[in-house]
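# Remarks on the overall topology
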Amino acid sequence: MGASTRTGKFAVGFTAFAFLFILIAFCSPYWLQTDGELEHPKFTNLGLWELCLRNFQDIHRWYDYPFNGCMWIFEEEYYIIHDYILPGFFIAVQFFFTLCFTLLLMGVIMTLMFLSCSRDNDRYIMLLLTNGTVLLLAALCGLIAVATFGCYGDSRDWMPNWEHNDMGWSFALGVVGTFALFPAGVLFIVEARRATYRRLNNIANTEMAAAYTMDERKYRGGHTDI
């Protein structure tokens, strides 16, 4: 089995931990939320794909339509304020965190293959290297996403009542999950390096044993002739 070493077990553990946190962050609508101090906030909470408003009216528009409730951020009803609720930085956050999640799914699949793969398999080392690289790429994409949202998500130019808006627990889970991907990827690469050394060492030992056996046979053969 793949995860028979301490390095492999820790790599699998970090991968599972990161997947759980990033999955919840990806699906939950609490990247940004009101602090609860306002009695009637126009904005309540926001996720990557869901936005909750309460009697919100866009002051930049010539109409009097209030937005209420929680809806998919690409809902047709929100179309008229897309330029307000989907600024460039938030689209970048959605893109990079989606890419992070997609790469992580690939990493999870390869981790499951690693758990069921024998060390003697010819593609074992390549599987480890590929998985480690994919997880590190996912970590990089996730880092870009959370860093961008951390810089601009609570800005005064975006959601109403910005001074009463705080980063939510979904964002915190995304940050923790992203940072957990770095050790996961590094540990898989370290495990690949160790597996390479073990394989080379086994090959060297086998060749030495074979050479010793041949020399012993020659010695015995020559001794018999005498």
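Residues numbered from 1 in each chain as written. Predicted model: local features only at pLDDT ≥ 70, side-chain atom pairs only at ≥ 80, totals over all residues. Heavy atoms only, no water.

## Observations concerning the packing of aromatic side chains
To be explicit about the condition: In this analysis, rings of Phe, Tyr and Trp, with Trp reduced to its six-membered ring, are considered paired at centre separations within 6.5 Å, and the interplanar angle assigns stacked below 30 degrees, edge-to-face beyond 60, and tilted for intermediate values. Secondary structure follows DSSP: runs of H or I at least 4 residues long count as helices, runs of E at least 2 residues long count as strands, and numbering of each begins at the N terminus. Per-residue accessibility, obtained with a 1.4 Å probe over protein chains only, is compared with the maximum for each type, and a residue is labelled buried under 20%, exposed over 50%, and partly exposed between these values.
All chains considered together, the criterion is met by 22 aromatic pairs. Here Tyr30 and Trp169 contribute two aromatic rings whose centre-to-centre distance is 5.5 Å and whose plane-to-plane angle is 25°, an arrangement assigned as stacked. You can see Tyr30 sitting in the loop between helix 1 (6–27) and strand 1 (32–34) and its partner Trp169 sitting in helix 5 (residues 169–225), a full 139 residues away along the chain. Residue Tyr30 is classed as partly exposed on the basis of its relative accessible area, which comes to 30%. Look at Phe89 and Phe90: their rings are 6.4 Å apart centre to centre, the planes differ by 65°, and that puts the pair in the edge-to-face class. Overall, Phe89 belongs to the buried group, its relative accessible area being 16%. Judged by its relative accessible area of 0%, Phe90 is buried.

## Here we look at the UniProt feature "transmembrane region" (unreviewed entry) in the chain
The condition is simple: UniProt positions are given in the numbering used here, feature names are shortened, and annotations may be inferred rather than shown by experiment.
The feature "transmembrane region" (unreviewed entry), as annotated in UniProt, sits at residues 12–32, 84–115, 127–149 and 169–190 in this numbering. Across residues 127–149 one finds 100% helix and 0% strand; the C-alpha atoms that close the span lie 33 Å apart.

## Some words on a nonpolar patch on the surface
The line we're drawing: Put simply, a patch holds well-exposed residues, over 30% relative accessible area, that have no salt bridge, with like charges counted together within 9 Å and Val, Leu, Ile, Met, Phe, Trp or Tyr side chains within 5 Å. Values of accessible area rely on a 1.4 Å probe in the Shrake-Rupley scheme; residue burial ignores everything except the protein chains shown. Here, a salt bridge means any Lys or Arg side-chain nitrogen found within 4 Å of an Asp or Glu carboxyl oxygen.
A cluster of nonpolar side chains, namely Leu20, Ile24, Tyr30 and Trp169, defines an oily patch on the protein surface of about 360 Å² accessible area. Note that Ile24 resides in helix 1. Ile24 sits in the partly exposed class, given a relative accessible area of 33%.

## Considering the sheet that holds strand 5 (residues 165–167)
Quick reminder of the rule: Two strands make a pair as long as DSSP finds a minimum of two bridges between them. Geometry is summarised by axes, namely lines fitted to C-alpha atoms with helices restricted to the contacting stretch, and by angles between N-to-C directions that run from 0 to 180 degrees.
Sheet architecture is open: five strands sit in the order 4-3-2-1-5, paired in antiparallel fashion. Two strands in the sheet have a free side with no partner beyond their single neighbour: strand 4 (67–72) and strand 5. On average, adjacent strands in this sheet sit at an angle of 20° to one another, irrespective of strand direction. Where strand 1 lies against strand 5, three bridges are found, and the strand directions are antiparallel. Bridge pairing links Leu32 to Met167 in strand 5.

## Quick notes on the pairing of strand 3 (residues 50–56)
Every other side chain in a regular strand lies on the same face of the sheet, so the side chains alternate between the two faces. With three bridges joining them, strand 2 (residues 43–46) and strand 3 adopt antiparallel strand pairing. Following the sheet pairing, Leu46 is matched in strand 3 by Leu51. Between strand 2 and strand 3, which follow one another and run antiparallel, lie three residues. Across five bridges, the pairing between strand 3 and strand 4 is antiparallel. Counted as the bridge partner of Leu51 is Met71 from strand 4.

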